[in-house]
Number of protein chains: 2
Amino acid sequence: MSASSCLTIKFPERDQERIIPALKVLGEPNRLRILCGLGLECRPVTDIINATGLGQTNVSFHLRVLREAGFVRAERRGPFIYYCLADSELLRILHDLTSWLDARQTAVTSDAEQRARPAKRNSAAPRTREVT
Amino acid sequence: MSASSCLTIKFPERDQERIIPALKVLGEPNRLRILCGLGLECRPVTDIINATGLGQTNVSFHLRVLREAGFVRAERRGPFIYYCLADSELLRILHDLTSWLDARQTAVTSDAEQRARPAKRNSAAPRTREVT
DNA sequence: CTATAATATAAGTGAGGATTTATATGAGTG
DNA sequence: CACTCATATAAATCCTCACTTATATTATAG
């Protein structure tokens, strides 16, 4: 199934428009650090502030964005508010992406080695082939 | 394996720092539209320009970012340059994310319906529980 | 009740990056 | 070769949003 869905993947505009806001949320470095830093734990805001070194209001702002995106949820416990992932599936997907980046990096490295080899280059045909 | 890795997922800073630039690339709406619009096909730049309605130079700029990120590759064919995904795995991951968003939307919708119900609200206890 | 701590929200600012305008580069044709 | 088309690159401009400062809100302790 996974293989067949991979082969037939299309990305209709409907799906694009759905994923765009999510990736905008995830595309901000500090926001992503906050999100990934949570891992599978519930953490008070003070923890997040200390862990990231960001300002309190900045953290609060980012948490709000994450919360409104539905990526994290918040629970008040006395004077503290604890934040955790709304669904660990998101972390799994991000982990997939990391793994893919790693694997690709490995592939690219070995690919680059092959490229480094053609010192005896046919100057016309393969050069115009691949734009880098 | 997938289940166990889900339960034990941690996101060390090393991984965070790896994924951040990738998500920055993917976090720009038009860039994502370009990427997803490619699907599994190789397309000339003119196609992309027409499909997205963006300016030529803007498209060119975004393609360069995608190319340098390693997400797409380019092949010159005569006067045209065709762009396609470097690896369909990325599309699969994005598709996973979309599916997750959809599934969560369904869950959120039914959750929101339950929330819409407490018109007879106990004003203290459940309100201070969950921060929205 | 007052004071303090934790956190959120509002408003202002400036930097990063998307987009535009101008121009350069590469490929093809006559 | 000159010209045209496709695309990339450089520089300038614009726009979005992250971050900061100021303040408000909520919870707790004495």
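Below: a short report on this structure. (Residues numbered from 1 in each chain as written. Chains lettered and ligands numbered in written order. Predicted model: local features only at pLDDT ≥ 70, side-chain atom pairs only at ≥ 80, totals over all residues. Heavy atoms only, no water.)

A few points about the nonpolar core
Here is step 1 of the chain: With 67 residues, the main nonpolar core has Leu26, Leu35, Phe71 and Leu94 of chain A together with Leu35, Phe71 and Leu94 of chain B as its most contacted residues.
Here is step 2 of the chain: Apart from residues no more than four positions distant in its own chain, Leu94 of chain B is found in contact with Phe11, Ile19 and Leu23 of chain A together with Leu26, Leu32, Leu35 and Cys36 of chain B. (Core = buried A, V, L, I, M, F, W, Y, C linked by side-chain atoms within 4.5 Å. Buried < 20%, exposed > 50% of the residue type's maximum accessible area, 1.4 Å probe, protein only. Contact = heavy atoms within 4.5 Å.)

A word on the relation of the copies chain A and chain B
Here is step 1 of the chain: With an axial shift of 0.0 Å and an RMSD of 0.1 Å, the rotation relating chain A to chain B amounts to 180 degrees. The superposition of one copy onto the other is thereby described by a two-fold rotation axis. Taking C-alpha positions as the reference, the residue of chain A nearest the rotation axis is Gly27 of chain A, at 2.2 Å.
Here is step 2 of the chain: Of all interface residues in chain A, 100% are interface residues in chain B too; the two copies therefore contact each other through one and the same surface. (Least-squares fit on C-alpha atoms with pLDDT ≥ 70 in both.)

Focus: the packing of aromatic side chains
Here is step 1 of the chain: Applying the stated rule across the entire model yields 2 aromatic pairs over all chains.
Here is step 2 of the chain: Judged by centre distance (5.8 Å) and plane angle (35 degrees), the ring pair of Phe71 of chain A and Trp100 of chain B falls under tilted. Highlighted residues: Phe71 of chain A in the loop between α5 (56–68) and β2 (72–77) and Trp100 of chain B in helix α6 (residues 88–116), drawn from two different chains. Each member of the pair, Phe71 of chain A as well as Trp100 of chain B, is classed as buried.
Here is step 3 of the chain: Between Arg77 of chain A and the ring centre of Tyr82 of chain A, over which it is positioned, the NZ or CZ distance is 4.2 Å. (Phe/Tyr/Trp six-rings, centres within 6.5 Å; stacked < 30°, edge-to-face > 60°. Helix = DSSP H or I, 4+ residues; strand = E, 2+ residues; numbered from the N terminus. Lys NZ or Arg CZ within 6 Å of the ring centre and 35° of its normal.)

Focus: the protein's contact with DNA strand C
Here is step 1 of the chain: Close to DNA strand C lie 23 residues; Ser60 and Tyr83 of chain A together with Lys24, Asn30 and His62 of chain B are nearest.
Here is step 2 of the chain: For DNA strand C, the fraction of atoms within 4 Å of the protein that belong to sugar or phosphate moieties is 73%.
Here is step 3 of the chain: Side-chain polar atom of Gln56 of chain A to a base nitrogen of DNA strand C: 2.8 Å apart, as the coordinates give it.
Here is step 4 of the chain: Separating a phosphate oxygen of DNA strand C from a side-chain N or O atom of His62 of chain B is a distance of 2.5 Å.
Here is step 5 of the chain: Elements represented by at least two residues in the surface near DNA strand C include exactly α4 (45–52), α5 and β3 (80–85) of chain A together with α3 (29–38) and α5 (56–68) of chain B.
Here is step 6 of the chain: Among the elements that line the surface near DNA strand C, the one with the most residues is α5 of chain A, at 5 residues. (Near = heavy atom within 4 Å. Polar contact = N/O pair within 3.5 Å; in protein donor to acceptor, adjacent residues only side chain to side chain.)

Examining the packing of α4 of chain A against α5 of chain A
Residues and elements named next belong to chain A.
Here is step 1 of the chain: Where α4 meets α5, the closest approach of the two axes is 10 Å, and the angle between their N-to-C directions is 115 degrees. Regarding the angle of α4 to α5, the classification is roughly perpendicular. Crossing geometry of α4 relative to α5 is assigned as right-handed. Here Val45, Ile48, Ile49 and Thr52 of α4 lie close against α5, whose contacting residues are Gln56, Val59 and Leu63.
Here is step 2 of the chain: Taken together, the residues that form the contact of α4 with α5 break down as 5 nonpolar, 2 polar and no charged. (Axes fitted to C-alpha atoms, helices over the stretch in contact; angles between N-to-C directions. Parallel < 35°, antiparallel > 145°, perpendicular 65-115°, else oblique. Left-handed = near helix turned anticlockwise from the far one by under 90°. Nonpolar A, V, L, I, M, F, W, Y, C, P; charged D, E, K, R; others polar.)

Description of the protein's contact with DNA strand D
Here is step 1 of the chain: Not every one of the 23 residues close to DNA strand D is listed here, only the nearest: Lys24, Asn30 and His62 of chain A together with Ser60 and Tyr83 of chain B.
Here is step 2 of the chain: Within 4 Å of the protein, atoms of DNA strand D come from sugar and phosphate in 73% of cases.
Here is step 3 of the chain: In the environment of DNA strand D, a phosphate oxygen lies 3.1 Å from a nitrogen or oxygen atom belonging to the backbone of Ile81 of chain B.
Here is step 4 of the chain: Those elements that provide at least two residues to the surface near DNA strand D are α3 (29–38) and α5 of chain A together with α4 (45–52), α5 and β3 (80–85) of chain B.
Here is step 5 of the chain: Element by element, the count of residues in the surface near DNA strand D is highest for α5 of chain B, at 5 residues.

Quick word on the interface of chain A and chain B
Here is step 1 of the chain: The partner chain B presents 55 residues to the 55 residues of chain A that form the contact.
Here is step 2 of the chain: Of the roughly 5,300 Å² buried where chain A meets chain B, counting both sides, 64% is carbon and sulfur surface.
Here is step 3 of the chain: Our enumeration of links across chain A and chain B arrives at 6 salt bridges.
Here is step 4 of the chain: In this structure, Arg18 of chain B engages Asp102 of chain A in a salt bridge whose closest nitrogen and oxygen atoms are separated by 2.5 Å.
Here is step 5 of the chain: Viewed at the interface, chain B and chain A are joined by 11 residue pairs in polar contact (both at pLDDT 80 or more).
Here is step 6 of the chain: Going through the elements one at a time, α1 (2–7), α2 (13–26), α3, β2, α6 (88–116), α7 (125–129) and β4 (130–131) of chain A are the ones with two or more residues in the side of chain A that touches chain B.
Here is step 7 of the chain: At 16 residues, α6 of chain A tops the list of elements feeding residues into the side of chain A that touches chain B. (Buried area = accessible area lost by both parts, 1.4 Å probe. Salt bridge = Lys/Arg side-chain N within 4 Å of Asp/Glu carboxyl O.)

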